[in-house]
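Chain residues, written in single-letter form:
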Amino acid sequence: MIISRVMTKNPIFVHPEMPLNDARSIMTKEKIGHLPVLDKQNALAGLLTKKDLLKAAPSPATSLDVYEISYLISKMTVKDVMVKTVTTVGENEVVEEAARIMADSDIGCLPVMRGTRLVGIITDTDLFHVFLNAFGVRHPGVRVTCSIREKPGQLARLAHAFAEKEGNIVSLVTSEADDPSRRQATIKISGISLNDAQAIVRSFDDMELEDIRE
């Protein structure tokens, strides 16, 4: 799946000169935690996050009183606290690469670009939705997790056996297993009973059933 299918298109943005309190109000009203910052030429100039807003708040140990603090914050603008060096991603990149970048960089979002133009934003929440869809969480059925020997045709054999029992694979996700010679597969199947699904997996000598539930 590519990013353009799951990103938030035409995201709300702010300008560097906007008062910080106004940007804070936008985040609160729109219930968002990230705001791309565009300059007067609509080029990406930075990124403002809730974390940046927290950093802008004075330390609890400050000697300033509440009125002085409010005055200082009222004078701050987005450019005073925004992240100026922004990691971005292209709209035709795949979602797993976006997830890798975000995980490796410990960031919660990526502005999505079409050349030099901002066309969207992808956040960790968007990736959670991708994760839910990949595992077929919202679809009824039997969820099977099994360890499969790493060799060609294994999943095809399993899928054929499910189909013979009128089972339809809703989702299939594989991942590395503890044993490098095997892979772990998590499969959601509709139209089949738990007992039939369990019997099918156990009928293969080179497959190990790890978990099964409805």
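None of these values were measured; they are calculated from a predicted model.

Asker: In this structure, what is going on with the confidence of the model for the protein chain? I would like to understand it.
Answerer: When pLDDT drops low, the exact placement of atoms in the prediction is not to be read closely. For the protein chain, per-residue confidence averages 90 on the pLDDT scale, and residues scoring 70 or more make up 91% of the total. For the stretch residues 59-65, pLDDT sits under 50, and the model shows 3 contacts to residues farther than four places along the chain or on other chains.

Asker: Could you clarify how one ought to interpret the sheet that holds strand 8 (residues 168-176) in this entry?
Answerer: Pairing between sheet strands relies on hydrogen bonds along the backbone, with the strands arranged either parallel or antiparallel. Here we have 4 strands laid out as an open sheet, ordered 8-9-7-10, and antiparallel in their pairing. Of all the strands in the sheet, just strand 8 and strand 10 (207-213) have a single pairing partner and so form its edges. Adjacent strand axes in the sheet meet at a mean angle of 20°, parallel and antiparallel pairs treated alike. For strand 8 and strand 9 (residues 182-190), the ladder comprises 8 bridges, and the chain directions are antiparallel. By the bridge assignment, Leu172 is partnered in strand 9 with Ile187. The strands touched by helix 7 (residues 154-164) within the sheet are strand 7 (142-149), strand 8, strand 9 and strand 10, with strand 7 carrying the most contacts at an inclination of about 145°. Across the face of the sheet, helix 8 (residues 194-202) comes into contact with strand 7 and strand 10 while running at roughly 165° to strand 10.

Asker: Explanation requested: the packing of helix 5 (residues 95-105) against helix 6 (residues 124-134) in the structure shown.
Answerer: Angle between the axes and distance between the axes: these two values describe a pair of packed helices. Their axes nearest at 11 Å, the elements helix 5 and helix 6 cross at an angle of 135°. Between helix 5 and helix 6, the interaxial angle falls into the category oblique. Crossing of helix 5 against helix 6: the hand is left-handed. Here Val95, Ala99 and Met102 of helix 5 lie close against helix 6, whose contacting residues are Asp124, Leu127 and Val130. Residues belonging to the contact of helix 5 with helix 6 are distributed by class as follows: 5 nonpolar, no polar and 1 charged.

Asker: Just checking my understanding: could you explain a negative patch on the surface for this structure?
Answerer: On the surface, Asp178, Asp179, Glu208 and Glu210 cluster together to form a negatively charged patch. Here Asp178 lies in the loop between strand 8 and strand 9.

Asker: Sorry if this is basic, but what is going on with unusual backbone geometry here?
Answerer: For residues other than glycine, phi is negative in most cases, and the peptide bonds are mostly trans. For Asn10, which is not glycine, the phi dihedral falls at a positive 45°. Phi is positive for Glu166, close to 65°, though the residue is something other than glycine. Checked against the element boundaries, Glu166 lands in the loop between helix 7 and strand 8. Judged by relative accessible area, Glu166 falls into the exposed class, the value being 64%.

Asker: What am I meant to see in helix 5 here?
Answerer: Quick reminder: α-helices carry 3.6 residues per turn. Residues three or four places apart thus point the same way. Restricting attention to buried positions, one finds in helix 5 the residues Val95, Ala98, Ile101 and Met102. An end-on view of helix 5 places all buried positions within 120° of arc, on one side of the element. Pointing more than 90 degrees away from the buried face of helix 5 are the exposed residues Glu96, Ala103 and Asp104. Where helix 5 is buried, its residues meet strand 5 (109-114), strand 6 (117-123) and helix 6. One or two steps after helix 5, the chain reaches Asp106, where phi turns positive at roughly 55°.

Analysis parameters
Residue positions are counted from 1 within each chain, in the order its sequence is given. Local features in a predicted model are, by the rule used here, given only for residues with pLDDT of at least 70; side-chain atom pairs are given and counted only at 80 or more, and totals for whole chains, interfaces and linings are based on all residues. Excluded from the side-chain calculation are hydrogens and water; included are all heavy atoms of the structure. Each residue carries a pLDDT value, the predictor's own confidence for that position, ranging from 0 to 100. Residues count as neighbours in contact if any of their non-hydrogen atoms are within 4.5 Å of one another. The pairing criterion is simple: DSSP has to find at least two bridges between the two strands. Helix and strand labels come from DSSP, where a helix needs a run of H or I of at least four residues and a strand needs a run of E of at least two; each type is numbered from the N terminus. Working convention: axes come from line fits to C-alpha atoms, limited for helices to the stretch in contact. Angles between N-to-C directions cover 0 to 180 degrees. Throughout, the term roughly parallel applies to angles under 35 degrees, roughly antiparallel to angles over 145, roughly perpendicular to angles from 65 to 115, and oblique to all others. If you view the pair so one helix is near and one far, a crossing is left-handed when the near helix is turned anticlockwise from the far one by less than a right angle, and right-handed when it is turned clockwise. Note on residue categories: nonpolar means Ala, Val, Leu, Ile, Met, Phe, Trp, Tyr, Cys or Pro, charged means Asp, Glu, Lys or Arg, and polar means any other residue, Gly included. Only residues whose relative accessible area exceeds 30% and that form no salt bridge enter a patch; like-charged residues are grouped when within 9 Å of one another, and nonpolar side chains (Val, Leu, Ile, Met, Phe, Trp, Tyr) when within 5 Å. Where accessible areas are quoted, they stem from the Shrake-Rupley method and a 1.4 Å probe; at the residue level, only the protein chains shown are allowed to cover. We define a salt bridge as a side-chain nitrogen of Lys or Arg found within 4 Å of a carboxyl oxygen belonging to Asp or Glu. Under the counting rule used here, the positive set is Lys and Arg, the negative set is Asp and Glu, and His together with the chain ends is not counted. The atom standing in for a charge is NZ when the residue is Lys, CZ when it is Arg, CG when it is Asp and CD when it is Glu. Remark: exposure states derive from per-residue accessible area (1.4 Å probe, protein chains only) relative to the maximum for the residue type, with buried under 20%, exposed over 50%, and partly exposed in between. Arc definition: it is the arc formed by the directions from the helix axis to the C-beta atoms.

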